[in-house]
Amino acid sequence: MGMKKLRLTRVIPLIAAVILILIAYLIFASRRQTLSYFEYFAEEQVPYKDLIDVLDETPRAFFFCTQDNADCRYIDTKMIRVLIDDANTTRFDHITLVDTATMNPAILPSVTKATLGFAHVPAFAILSYRNDKIIVHAVLEWTTETPFTSLNLKDWMKENDLWLNEYTN
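As the structure is a prediction and not an experimental result, all values here were calculated from the model. (Residues numbered from 1 in each chain as written. Predicted model: local features only at pLDDT ≥ 70, side-chain atom pairs only at ≥ 80, totals over all residues. Heavy atoms only, no water.)

Peer 1: Residue-level account of the overall build of the protein chain, with values.
Peer 2: In terms of helices and strands, the protein chain carries 5 helices and 5 strands. Start at the N end of the protein chain and walk to the C end: the helices and strands fall as α-β-α-β-α-β-α-β-β-α. Taking 15 Å as the expected radius of gyration for a compact globule of 169 residues, we find that the protein chain reaches 26 Å, considerably beyond that expectation. Seen along its three principal axes, the alpha-carbon backbone of the protein chain occupies a region of about 95 × 40 × 30 Å. With 169 residues in all, the protein chain has 34% of them scored as buried. Contacts in the protein chain between residues far apart in sequence, at least 24 positions, make up 68% of those at least 6 positions apart. As displayed, the protein chain has an accessible area near 11100 Å², and 56% of this comes from carbon and sulfur atoms. (Helix = DSSP H or I, 4+ residues; strand = E, 2+ residues; numbered from the N terminus. Rg over C-alpha atoms; globule rule 2.2 N^0.38 Å. Buried < 20%, exposed > 50% of the residue type's maximum accessible area, 1.4 Å probe, protein only. Contact = heavy atoms within 4.5 Å. Areas by Shrake-Rupley, 256 points an atom, 1.4 Å probe, with all protein chains shown as cover.)

So this is what it looks like as structure tokens:
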């Protein structure tokens, strides 16, 4: 009987310590957070395959990108968020994200350049649609050879009246 009591007095504190460590781990362990991208553009997002359906004669600004593209995520997290803070706004409602995930990978860059004004994604473009043709008004394209900075993007926005007067800077 004495040995059983001795074992219990050794085992119970050990079990209690393991339980406390497990509880502390569960409480203080870091949680996996899901990052949300492209939340600083217009709430409406357009799949690439539906782009023609949203175009009309009025020029509109678009950001062609997809979440799977590292350059797109870089522009979103390092440039757009900085410009949002600079503008003292919550989102650029006048720029619509076009999700290029539905873009056919067999489309040649030369075809995209001829129809949309850019050959590579990510790209910003101001487009309209008239007489069954896409009209390209302005483009800012990112390539590995010629990446742009947040200042380049801000200047492009200013040149194309996308940097609104109510923005603070």
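Peer 1: Before we move on, could you go through the sheet that holds strand β5 (residues 133-141) and cite the residues and values that matter?
Peer 2: Ordered in space as β1-β3-β2-β4-β5, the 5 strands form an open sheet in which the pairing is mixed. Looking along the sheet, the strands with just one partner apiece sit at the ends: β1 (45-47) and β5. With direction set aside, neighbouring strand axes in the sheet form an average angle of 35°. Two strands pair when backbone bridges link them, and strand β2 (residues 60-65) and strand β4 (residues 123-130) are joined in this way by 5 bridges, in the antiparallel orientation. Bridging across to β4, Phe-64 finds its partner in Ala-123. Strands β3 (95-99), β4 and β5 of the sheet are contacted by helix α5 (residues 150-159), whose axis makes an angle of about 140° with β5. (Pairing = 2+ DSSP bridges. Axes fitted to C-alpha atoms, helices over the stretch in contact; angles between N-to-C directions.)

Peer 1: Explain the state of the cysteines to me, and be specific about the residues and the numbers.
Peer 2: Applying the stated criterion to the full structure yields 1 disulfide. Between Cys-65 and Cys-72 runs a disulfide, and the two sulfur atoms are separated by 1.8 Å. One quick way to see it: the torsion about the S-S bond of Cys-65 and Cys-72 is about -120°, and its sign makes the bridge left-handed. For the pair formed by Cys-65 and Cys-72, the shared burial category is buried. (Disulfide = S-S within 2.5 Å.)

Peer 1: Lay out the packing of helix α3 (residues 70-87) against α5 with the relevant residues and their values.
Peer 2: With their axes 9 Å apart at the nearest point, α3 and α5 run at an angle of 60° to one another. Of the possible angle classes, the one that applies to α3 and α5 is oblique. Crossing handedness for the pair α3 and α5: right-handed. Together, Met-79, Ile-80, Leu-83 and Asp-86 of α3 and Ser-150, Leu-153, Lys-154 and Met-157 of α5 make up the contact between the two elements. When grouped by side-chain class, the residues that make up the contact of α3 with α5 number 5 nonpolar, 1 polar and 2 charged. (Parallel < 35°, antiparallel > 145°, perpendicular 65-115°, else oblique. Left-handed = near helix turned anticlockwise from the far one by under 90°. Nonpolar A, V, L, I, M, F, W, Y, C, P; charged D, E, K, R; others polar.)

Peer 1: Can you explain the pairing of β2? Please cite residues and give values.
Peer 2: Across a regular strand the side chains alternate sides, sitting on one face of the sheet and then on the other. Counting buried residues in β2 gives 5 out of 6 residues, a clear majority hidden from the surface. Sheet topology places β2 next to β3; 5 bridges connect them, and they run parallel. Across the sheet, the residue bridging to Phe-62 is Thr-96, located in β3.

Peer 1: Explain the side chain of Ser-128 residue by residue, including any values.
Peer 2: Looking at where Ser-128 falls in the secondary structure, it is placed in strand β4. For Ser-128, a relative accessible area of 0% translates into the label buried. Discounting residues that sit within four places of it in the chain, Ser-128 has contacts with Leu-55, Asp-56, Glu-57, Thr-58, Pro-59, Lys-133, Ile-134, Ile-135 and His-137.

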